[in-house]
Amino acid sequence: MGLGKKKILVTGGAGYIGSQTVRELQKAGFDVLVLDNLSTGSADSVNCQLIVGDLADAVLLDKIFAQHNIGAVVHFAGSIIVEESVLYPEKYFQNNVVNGLNLLNVMVRHGVKKIIFSSSAAVYGEPERLPISETSILRPTNPYGETKLMFEKILGWYGSAHELSSVSLRYFNACGASLDGTLGEKRPFVTHLIPKILRVAARQDEMLKIYGSDYNTPDGTAVRDYIHVVDLAAAHVLALKKLDEDSGCFTYNVGTGVGYSVKQMVDAVMEVTGKMVMIEYSNRRPGDPAQLMADVAKIKQDLNFSAQYSDLNTIVSTAWNWHKVCYNIGYDKTLSNHPSLQRRETD
């Protein structure tokens, strides 16, 4: 392979998806170096050289590229909470665009020509048709999605000007945890659906609030495409191998093409955990589409990617095992089934 013994720099490599990708890169034989400011990541998640630092520090970046034989970058570092981006857009444009430019400029100065970018299905906004293909209209509805789209466009222009090759991976809903239970999602603030449901199952929260029960879906709740974090990490390895063979700017959806509703996720958590999850319906949130599912034909054809662990049971089981380890929760089952699910309707 052209990358040979060069190092792969993973920015944000101590985070949820980054740490799992580091592990998969190592399994594939790559020498990995992680840069992370540990604002949301954990040093315990990394079993390779870790440099604690921020992409805002251009001097540090120059030093890293000067001291290490870096062949490619896998870029995760950035802010990712949609609701927060609406309240504090300045944080998102700084972290996701300005700091990202620091990284690209240092890459150009040091002749590093390959980058895998952690993008998002948020670049599409509200889709006009399903499933969503890479050629769908790009119309973000929040600053987070806007920053991801801006950086994709920047990569295209840097490709033209500086022969920088890139793969932008547009994630759908990342979920689950490592199969051995040693890596998973743990953030200061829980924003994703499955950890929220697990917190209710574990009696850490009293109730799960479901936003919208009147969507045009089979059970009235919103439907999303969930991709297991191990599958997502594997997609990054395949993307890196593509850049080792081809040059250019490539974009791929990473999902399954299958959608699960919020209610299906609640039922699956109760089935796996054996615990009751109390739910409360509330109004829809503005801008939340009824359904989001990926068209994954392109990534299957170009990268030979196929999700292996994104079935509902594996997603929930691995997430629950990780949750129990994180919070020292007992393994007893208090509910074998859930025919008496209780609901409360609110305005």
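Residues numbered from 1 in each chain as written. Predicted model: local features only at pLDDT ≥ 70, side-chain atom pairs only at ≥ 80, totals over all residues. Heavy atoms only, no water.

If you check an unreviewed UniProt entry, the chain appears there as UDP-glucose 4-epimerase. Quoted straight from UniProt, the Pathway (unreviewed entry) entry for the chain says "Carbohydrate metabolism; galactose metabolism." Looking at the chain in UniProt, the text filed under Cofactor (unreviewed entry) is "NAD(+)". (UniProt positions renumbered as here; feature names shortened; annotations may be inferred.)

Draft legend 1. Fine view of helix H8 (residues 262–273). The terminal C-alpha atoms of H8, which comprises 12 residues, lie 16 Å apart, in line with the 16 Å expected from a rise of 1.5 Å per residue. Most of H8 is tucked away, with nine of its 12 residues classed as buried. For H8, every residue scored as buried is listed here: Val-262, Lys-263, Met-265, Val-266, Ala-268, Val-269, Met-270, Val-272 and Thr-273. Phi for Gly-274, located one or two positions after H8, is positive at around 70°. (Helix = DSSP H or I, 4+ residues; strand = E, 2+ residues; numbered from the N terminus. Expected span 1.5 Å × (residues − 1). Buried < 20%, exposed > 50% of the residue type's maximum accessible area, 1.4 Å probe, protein only.)

Draft legend 2. Here's a closer look at the sheet that holds strand S1 (residues 7–11). Read from one edge of the open sheet, seven strands run S3-S2-S1-S4-S5-S6-S10, paired in parallel fashion. The sheet is open, and its two edges are formed by strand S3 (49–52) and strand S10 (249–254), each paired on a single side. Averaged over all adjacent pairs, the angle separating strand axes in this sheet is 20°, with direction ignored. Relative to strand S2 (residues 31–36), helix H2 (residues 58–67) is tilted by about 170°, and along the sheet it contacts S1, S2, S3 and strand S4 (70–75). Strand contacts of helix H7 (residues 229–245): S1, S4, strand S5 (114–120), strand S6 (165–171) and S10, with the helix running at about 160° to S6, the strand carrying the most contacts. (Pairing = 2+ DSSP bridges. Axes fitted to C-alpha atoms, helices over the stretch in contact; angles between N-to-C directions. Contact = heavy atoms within 4.5 Å.)

Draft legend 3. Geometry of helix H10 (residues 312–327). The terminal C-alpha atoms of H10, which comprises 16 residues, lie 22 Å apart, in line with the 22 Å expected from a rise of 1.5 Å per residue. For H10, the complete set of buried residues consists of Leu-312, Thr-314, Ile-315, Val-316, Ser-317, Thr-318, Ala-319, Trp-320, Trp-322, His-323 and Lys-324. Taken together, the buried residues of H10 touch strand S7 (173–175), helix H6 (193–201), strand S9 (223–228), strand S11 (259–261) and H8. Asn-328 sits one or two positions beyond H10 and adopts a positive phi of about 55°.

Draft legend 4. The arrangement of the nonpolar core in detail. Within the largest apolar cluster, 45 residues are counted, with the highest numbers of intra-cluster contacts made by Ile-8, Val-10, Leu-25 and Leu-169. Of all the secondary structure elements, the ones that give two or more residues to this core are S1, helix H1 (16–27), S2, S4, S6, H7, S10 and helix H9 (297–303). The leading source of residues in this core is H7, at eight residues. Contacts of Val-10, omitting those with residues within four sequence positions, involve Val-22, Leu-25, Val-32, Leu-33, Val-34, Leu-35, Val-74 and Phe-76. Counting 30 residues, the second-largest nonpolar core is a separate cluster that includes Cys-175, Met-270, Leu-312 and Val-316. (Core = buried A, V, L, I, M, F, W, Y, C linked by side-chain atoms within 4.5 Å.)

Draft legend 5. Here's a closer look at unusual backbone geometry. Backbone torsion omega between Leu-130 and Pro-131 reads -10°, so that peptide bond is classified as cis. Relative to the assigned elements, Pro-131 resides in the loop between S5 and helix H5 (143–162). At Asn-304, a position not held by glycine, the phi torsion is positive, near 55°. In this structure, Asn-304 sits in the loop between H9 and H10.

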